[in-house]
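Structure at a glance
Here's the letter readout for the chains.
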Amino acid sequence: MPTNGAPTKITQGSQTKGGIGESTLRPDGTLKVTGEFAYSSDMWHEDMLWGQILRSTVAHAEIVSIDISEALAMAGVYAVLTYDDLPTEVKNYGLEIQDTPVLAHGKVRHHGEPVALVAADHPETARRAAAKIKVDYRELPVITDEASATAPDAILVHENRDDHHAGHVPHPNIVHRQPIIRGNVEEARKRADVIVEGEYTFGMQDQAFLGPESGLAVPEEDGGVHLYVATQWLHSDLKQIAPVLGLPEEKVRMTLSGVGGAFGGREDLSMQIHACLLALRTGKPVKIVYNRFESFFGHVHRHPAKLYYEHGATKDGKLTHMKCKIVLDGGAYASASPAVVGNASSLSVGPYVVDDVDIEAIALYSNNPPCGAMRGFGAVQACFAYEAQMDKLAKKLGMDPVEFRQLNAMEQGTIMPTGQPVDSPAPVAELLRRVKAMPMPPERQWESSEGADVRQLPGGLSNTTHGENVVRGVGIAVGIKNVGFSEGFDDYSTAKVRMEVIGGEPVVTVHTAMAEVGQGGVTVHAQIARTELGVTQVTIHPADTQVGSAGSTSASRQTYVTGGAVKNTCELVREKVLEIGRRKFGSYHPAWATAELLLEGGKVVTDGGEVLGDLADVLEGEVVEIEEEWRHRPTEAFDLRTGQGNGHVQYSFAAHRAVVEVDTELGLVKVIELACAQDVGKALNPLSVVGQIQGGTTQGLGVAVMEEIIVDPKTAKVRNPSFTDYLIPTILDTPTIPVDVLELADDHAPYGLRGIGEAPTLSSTPAVLAAIRNATGLELNRTPVRPEHLTGTA
Amino acid sequence: MRVNFTVNGRPQEADDVWEGESLLYVLRERLGLPGSKNACEQGECGSCTVRLDGVPVCSCLVAAGQAEGRDVVTVEGLADFAKQRAEGGCASGACGTTLQDAQQWKAKGTDSQTGEGTELSPIQQAFIDAGAVQCGFCTPGLLVASDELLERNPNPSDADIREALSGNLCRCTGYEKIMDAVRLAAARQSEEV
């Protein structure tokens, strides 16, 4: 019986070791520290070939001709494929809009678009063969921003659009537009004593997961293919892959390989279809592994954005209104842009009470690299802007920035701009209080008797300062993120749970298609099974498509939704086990029929604690196996004109306090500490929760001071596709991250938990920016901040 | 070409190696040792870190031919390497590994599917215990680098740890649990003395 968002019972006081609430260790930990864990790039098969993709060297061009003859003639080359080799009428794929060509047809729309495929017996042979393919491009003008996309004579990135957003967008180069209108901004503005306007720029961030896009496609005897791959959602991949191959879904078997991080960058397909096409063509297993250079072209990035904000407030510090326009650059293909627009608009006001709003968010089609999902998904860009606005308002009002935020903080019962009431705890003011109250790191260490360790100063071992010109700044920010897929999406998960006796012990097997990408879902599933079924031994079956969909490992949703599915299926298994117990032993003790029964510590016990029997005896000779779908509360689409609708499942809140030291002469920033307070509802695994918060915080730090994909505005070509030129925080760039975890239960969610993965990525960036502004007095309306922005040499 | 070298104490021979192949490629694709990782293949991330005659190197930047006749330790051999070192009479563990020592030990084979019962080095155990492993792709390189740090500096300060591990990128953890893991391994190591 699927439970449609019904409040789920919270199991209290489990006696089973290793259940929820404990910091149990990862079941894959040993394999990962011994090097034996099989990631997708570690796959190997007897007689396998290596696939290589030829990508466009220009951003926007007509393909005049492709000559593969020289490549095909090379020794060791087994196949060279272009658009003409695609086996069916389905030649595009896409998460929501099928606008992405498997291989370019007549035109390329961004730098690095796949044009042809090679399979060879050595990766270097494949690379050299790809380099011998001659593609003749006739270059077209490039669309790179809102002005060039919406100009009256703008060339269309996609002609003849027939997707479901095409009818309501103001221009064919706009993927989706979502306005949200509530109250009356014109009237409310009259009440404002101060008005603050700002224009903000958010750079293009890369997920930079370390495990490159990779996998192995093995042709099967029935004409199908088995794909071992790193992804965030097996079933979504399957739906996009099978039609292009011309195979029924059951002939495309998918098994999740080890995933080396994801952060949104594996929501879209990368090498999946290409490897399958080559395997089916050659009849041999084909492995594809991107190198880092290709990885920068091989997945979508976080949308860069321009954000225009106006806020008003009364002189006693109450927000009167907010008007904003958020322009997200979606690049050449739609990917997740429509949903990112929905998030950006519906969360654009932040965790604040503002009754009168006029909001508009759009995503562009352009010839820039395609952008889609990344941790924080539309809420990150908005948070950067509205938190800057909050600081400007507080300054103008002469108020403390934390007190000003607390005065306007949303709480349970607040109505969102979408008209949706916030119906679970929203401890925004409390999180700000906690993060502000944390002890401060010591100041001006370089003046202490020990002196400063140069490694802890801006510039580090470059030895550029011993404290001269170094000033400290402190900044605070808070953010709001939705949890789960929104806007009416049927966001379900499936869990199959099997319980039996093996070697005299009750054993549970949990089988889901959940992509474990590092977040620790496998740890939590085992904990849930132990809590619900009272066993110690839990086996997590590898994730594959032999079980129903678990939805995506994104939107902070897996512990909530697939965790919820595991809990629900375990409850069904428990009922079945108790039925068996009653049948076998009911006549021996009246409590079998009258008491509420639990499974704890390998035994059947009454809620009063009386032991009725061993699970091993109840299950002897029996196997209980159930597969069931589970859904959270349904959501609604946002109205296309007003943005009204109960679009979100749950909200997640985090606050940060950043302490930075800036060498004002050289523009070098050292983040000294980045403290976080977050409400997690219920920490199913406290160690993992803190790990998620620290990891998310660091990605926010990255986009504050270093991470940006630079796209040449004249050519739309990517200029820094490497870890040499695209910098992510090292252990030297990353400060200590003290974390204060608050647990206020959401009664609508399993165990009261709150999805946690993304919220810390939101407020981290604006907190660092606020701290740098505090240190330097500069306005800083763009992120990331680079030295030239601090020294006036930009 | 043919390349002969020692990996985790065992003599290895790789045939038909193309001259442009890296040590990383030969380990992963020819010798069945994919524990060293291929996150960037350009010497920026440290995920492929191995010991080459005791020195931590990015194996992606070492041409396979350069390993000829030399001794390589990968994450697969780290547990036995650490054990050998501990048994080698270097109580502090801070005596470094001489080339002679490096060439005398041998890793045990492991064929476990689950890793259960696997003997781990102190740094490997600390990474698990401290929650320093998430996706785990950076882990092998960080383990080799951390182990080498603790070998030469058994009581590193936080700044020492950060400096020693600054060539190893991690995208999941924010490094805090990695700091915890190295501190934990160092503390356990000093308790044993």
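Since we're looking at a predicted model, the values are computed, not measured. (Residues numbered from 1 in each chain as written. Chains lettered and ligands numbered in written order. Predicted model: local features only at pLDDT ≥ 70, side-chain atom pairs only at ≥ 80, totals over all residues. Heavy atoms only, no water.)

1. Some remarks on the overall build of chain B
- Looking only at helices and strands, one finds 7 helices and 5 strands in chain B.
- Each helix (α) and strand (β) of chain B, taken in turn from the N terminus, gives the series β-β-α-β-β-β-α-α-α-α-α-α.
- Per-residue burial for chain B yields a buried fraction of 58% across its 193 residues.
- In the structure as shown, chain B presents an accessible area of about 7400 Å², 45% of it carried by carbon and sulfur atoms. (Helix = DSSP H or I, 4+ residues; strand = E, 2+ residues; numbered from the N terminus. Buried < 20%, exposed > 50% of the residue type's maximum accessible area, 1.4 Å probe, protein only. Areas by Shrake-Rupley, 256 points an atom, 1.4 Å probe, with all protein chains shown as cover.)

2. What to know about the interface of chain A and chain B
- Contact with chain A, which involves 66 residues of that partner, is made by 58 residues of chain B.
- On the chain A side of the contact with chain B, V33, L210 and I731 of chain A bury the most area, a combined 17% of that side's loss.
- Seen at the junction of chain A and chain B, the total is 6 salt bridges.
- Counting the contacts that link chain A with chain B gives 27 residue pairs in polar contact (both at pLDDT 80 or more).
- For the side of chain A that touches chain B, the element with the highest residue contribution is helix α17 (residues 686-705) of chain A, accounting for 8 residues.
- In the side of chain A that touches chain B, the residues fall into 29 nonpolar, 25 polar and 12 charged. (Contact = heavy atoms within 4.5 Å. Buried area = accessible area lost by both parts, 1.4 Å probe. Salt bridge = Lys/Arg side-chain N within 4 Å of Asp/Glu carboxyl O. Polar contact = N/O pair within 3.5 Å; in protein donor to acceptor, adjacent residues only side chain to side chain. Nonpolar A, V, L, I, M, F, W, Y, C, P; charged D, E, K, R; others polar.)

3. Some thoughts on the domain arrangement of chain B
All names here are of chain B.
- When its domains are assigned, chain B resolves into domain 1 (3-73) and domain 2 (78-107 + 116-192).
- With 19 residues of domain 1 in contact, the opposing surface of domain 2 contributes 19 residues.
- Summed over both sides, the interface between domain 1 and domain 2 buries roughly 1600 Å², with carbon and sulfur atoms accounting for 61% of that surface.
- Our enumeration of links across domain 1 and domain 2 arrives at 2 salt bridges.
- The partner of R51 in a salt bridge is D147, with the nearest N and O atoms 3.9 Å apart.
- For the pair domain 1 and domain 2, the number of links is 4 residue pairs in polar contact (both at pLDDT 80 or more).
- Only β3 (49-52) and β5 (71-73) provide two or more residues apiece to the side of domain 1 that touches domain 2.
- Among the elements that take part in the side of domain 1 that touches domain 2, β3 stands out by supplying 3 residues, more than any other. (Domains from an automatic or database assignment.)

4. Quick look at the state of the cysteines
- Across all of its chains, the model carries 0 disulfides over all chains by this definition.
- Between C324 of chain A, a cysteine without a disulfide, and C383 of chain A, which holds the nearest cysteine sulfur, the sulfur-to-sulfur distance is 13 Å.
- The thiol of C60 of chain B is not disulfide-bonded; the next cysteine sulfur, from C48 of chain B, is found 3.8 Å away.
- For C60 of chain B, a relative accessible area of 13% gives the class buried. (Disulfide = S-S within 2.5 Å.)

5. As for the sheet that holds strand β14 (residues 286-289) of chain A
Residue and element names in this part refer to chain A.
- If you walk across this open sheet you meet the 7 strands as β3-β7-β1-β14-β11-β12-β13, and the pairing is mixed. On the outer flanks of this sheet lie β3 (77-81) and β13 (252-256), each paired with one strand and no other. Mean inter-strand twist for the sheet, computed between neighbouring axes without regard to direction, equals 20 degrees.
- The strands that helix α3 (residues 123-131) touches are β1 (49-55), β3 and β7 (114-120); relative to β1, the one it contacts most, it runs at about 30 degrees. (Pairing = 2+ DSSP bridges. Axes fitted to C-alpha atoms, helices over the stretch in contact; angles between N-to-C directions.)

6. Side note on the confidence of the model for chain A
- On average, residues of chain A carry a pLDDT of 96, and 98% of them reach 70 or more.
- Counting contacts from residues 1-14 of chain A, a segment whose pLDDT is below 50, to residues more than four positions away or on other chains yields 30 contacts. (pLDDT = per-residue confidence, 0-100.)

7. Structural notes on the domain arrangement of chain A
Residue and element names in this part refer to chain A.
- Split by domain assignment, chain A resolves into domain 1 (29-36 + 492-631), domain 2 (40-139 + 212-259 + 266-298), domain 3 (146-205 + 301-372) and domain 4 (409-483 + 649-791).
- Here domain 1 and domain 4 share 4 residue pairs in polar contact (both at pLDDT 80 or more) between them.
- Secondary structure elements with two or more residues in the side of domain 1 that touches domain 4: α13 (521-533) and α14 (558-585).
- Top element by residues in the side of domain 1 that touches domain 4 is α13. It accounts for 6 residues.
- Of the residues contributing to the side of domain 1 that touches domain 4, the split by class is 5 nonpolar, 7 polar and 3 charged.

8. A look at the side chain of S652 of chain A
- Along the chain, the position of S652 of chain A falls in strand β28 (residues 650-663).
- Within the structure, S652 of chain A has its side chain in polar contact with the backbone oxygen of G755 of chain A (distance 2.9 Å).

9. As for helix α9 (residues 337-346) of chain A
Residues and elements named next belong to chain A.
- Here α9 lies mainly inside the structure; 9 of its 10 residues are buried.
- Residues S337, P338, V340, V341, G342, N343, A344, S345 and S346 constitute the buried set of α9.
- Against the buried residues of α9 lie β9 (174-182), β17 (319-329), β18 (356-364), β19 (371-372), α10 (379-397) and β20 (470-483).

10. Digging into unusual backbone geometry
Residues and elements named next belong to chain A.
- For the bond from T783 to P784, the omega torsion is 0 degrees, close enough to zero to count as cis.
- Looking at the element boundaries, P784 is found in the loop between β31 (782-783) and α19 (787-791).
- Look at D47: it is not a glycine, yet its phi comes out positive at around 70 degrees.
- With a phi close to 60 degrees, Y751 is a non-glycine residue in the positive phi region.
- With respect to the helices, strands and loops of the structure, Y751 is situated in the loop between β30 (739-742) and α18 (759-776).

11. Some thoughts on α17 of chain A
- If you check α17 of chain A, its first and last C-alpha atoms are 29 Å apart, about what 20 residues at 1.5 Å a residue would give, namely 28 Å.
- Of all the 20 residues making up α17 of chain A, 17 are buried; the element is thus mostly covered by neighbouring parts of the structure. (Expected span 1.5 Å × (residues − 1).)

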